[in-house]
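Analysis of the macromolecular model
What follows is the residue order along each chain.
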Amino acid sequence: MQSKQVQFVGANIEVGQTHKGLSQSAAQFLSYLCKSKKSVSFDINSELSVTAEVRHKSPRSFRKQDLNQIDFSAYKKLAEINDKILQKRNIALNFGGDHSIAVATVEASLRSNPKTHIIWIDAHADANSAEQSFTGSFHGMPVYYLMMNRKNRPACMDWMRSSLHPAQITYVGLRDIDPFEIKLLNDLQIDYFTSDFIRTNGLKKVIDRIQFKNKLFDNIHLSFDIDSLDPKYGLCTGVPALGGLEIDDVFHIFETVRESNKLTNFDFVEVNPKLANSQAELDQIYGLAVQLIQAAVPAKSQPSPTHFKEEIYANLSY
Ligand SMILES: [Mn+2]
């Protein structure tokens, strides 16, 4: 059986937070792959690589009324790009960008198949409302608006057709959670495993829960925020939080996802090249990204060097 193709998407959206640079991360990652002549065991089909970005002067800090001031066209476009990939039964690899891209990518997963397990690996729950958020950063809100009933959403999100059910989420690595989010997670009985829990109890309960839920769902959407990892790994990310996951923890979870053979969508977000102390530090994180991605996606039968055509760069603006 031919393995599914992984289709790379440059999800160059950084408007969900205040640091500049995230919209260049996908392009930087691709040039790292070129430069290092990495042999990757997943396909990146350049002709299908696309980019969605926000280039406007919107405020980067929002309240509810302000959400309607944002141009959501890039999110809508990103969702449509994901639709096409999922329709072909390939795997979308959405390389961020900030985590707000998930309003588009998870929406696409849900409208492709509502029976999708969302594994959200993150230091943060990203489940604030615009009213409750301390920072007003939209990248801290996608889960809240994904779960919201369609008719209650702000007008700017009227293109979103699906609602995420709390039971289809599994959070791993949480530690920097706001009181509003803790109450929401507990009230809605959302599965979450903090990094403290994993440090104390090991990973077995997490893997067991993920395997159990993987069986209940048809598809898996893996939404991975680099800040789930401990900052000792030099993460180049905007909102690091101490006491994070070990790399091995994430490998184990990703391998569990690969073994299920149900991965359809994959966000890899919040690596900001502008926050790297050196090129070597950035290359190290991109090297880790390659290994992590390979752990989660189906292996090709014969790994081959990836060749990048000119057009991949034509599609990605720096
Ligand atoms: Mn996040």
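Here we summarise the structure given alongside this text. Small disclaimer: the values here were computed from a predicted structure and weren't measured. (Residues numbered from 1 in each chain as written. Predicted model: local features only at pLDDT ≥ 70, side-chain atom pairs only at ≥ 80, totals over all residues. Heavy atoms only, no water.)

Side note on the packing of helix α1 (residues 25-35) against helix α10 (residues 279-296)
- Running from N to C, α1 and α10 cross one another at 85°; their axes reach a closest spacing of 10 Å. It follows that α1 is roughly perpendicular to α10 by the angle criterion. Of α10, the residues touching α1 (which contributes Ser25, Gln28, Phe29, Tyr32, Leu33 and Lys35) are Gln279, Leu282, Asp283, Tyr286, Gly287, Ala289, Val290 and Ile293.
- Along the lines of polarity and charge, the residues of the contact of α1 with α10 split into 8 nonpolar, 4 polar and 2 charged. (Axes fitted to C-alpha atoms, helices over the stretch in contact; angles between N-to-C directions. Helix = DSSP H or I, 4+ residues; strand = E, 2+ residues; numbered from the N terminus. Parallel < 35°, antiparallel > 145°, perpendicular 65-115°, else oblique. Contact = heavy atoms within 4.5 Å. Nonpolar A, V, L, I, M, F, W, Y, C, P; charged D, E, K, R; others polar.)

Here's the deal with the coordination of the manganese ion
- The manganese ion binds to the protein through His99 (ND1), Asp122 (OD), Asp126 (OD) and Asp225 (OD); the donor distances cover 1.9 to 2.3 Å.
- Taken in sequence order, the residues that donate to the manganese ion follow the motif H-x22-D-x3-D-x98-D. Here the residue Asp126 occupies a position in the loop between β4 (116-121) and α5 (142-147), and Asp225 occupies one in strand β7 (residues 219-225), the gap between them amounting to 99 residues. Taken individually, Asp126 and Asp225 each receive the classification buried, so the pair is uniform in this respect. (Donors = N, O, S within 2.8 Å, 3.2 Å for Na, K, Ca; no water. Buried < 20%, exposed > 50% of the residue type's maximum accessible area, 1.4 Å probe, protein only.)

Here's the deal with the nonpolar core
- Formed by 50 residues in total, the largest nonpolar core has its most connected members in Phe224, Phe254, Phe266 and Phe268.
- Examining the composition of this core, we find that 10 residues originate from one element, α10, more than from any other.
- Apart from residues lying up to four places away in sequence, Phe266 is in contact with Ala92, Leu93, Asn94, Leu222, Phe224, Phe254, Ile293, Ala296 and Val297.
- Counting residues in hydrophobic clusters, the runner-up holds 45 residues, among them Ile81, Leu110, Ile169 and Ile190. (Core = buried A, V, L, I, M, F, W, Y, C linked by side-chain atoms within 4.5 Å.)

Digging into the packing of aromatic side chains
- Applying the stated criterion to the full structure yields 19 aromatic pairs.
- Seen in terms of ring centroids, Phe72 and Tyr75 are 4.8 Å apart; in terms of plane orientation they differ by 35°. Their pairing is tilted. The same class applies to Phe72 as to Tyr75, namely buried.
- When the centroid spacing of 6.5 Å and the interplanar angle of 70° are considered together, the rings of Trp120 and Tyr171 count as edge-to-face. One end of the pair, Trp120, is in strand β4; the other, Tyr171, is in strand β5 (residues 169-174), and 51 residues separate them in sequence. Like Trp120, the residue Tyr171 is buried in the burial classification.
- Through a chain of ring-to-ring contacts, three or more aromatic side chains come together here, namely Phe8, Phe29, Tyr32, Phe95, Phe224, Phe254, Phe266, Phe268 and Tyr286. (Phe/Tyr/Trp six-rings, centres within 6.5 Å; stacked < 30°, edge-to-face > 60°.)

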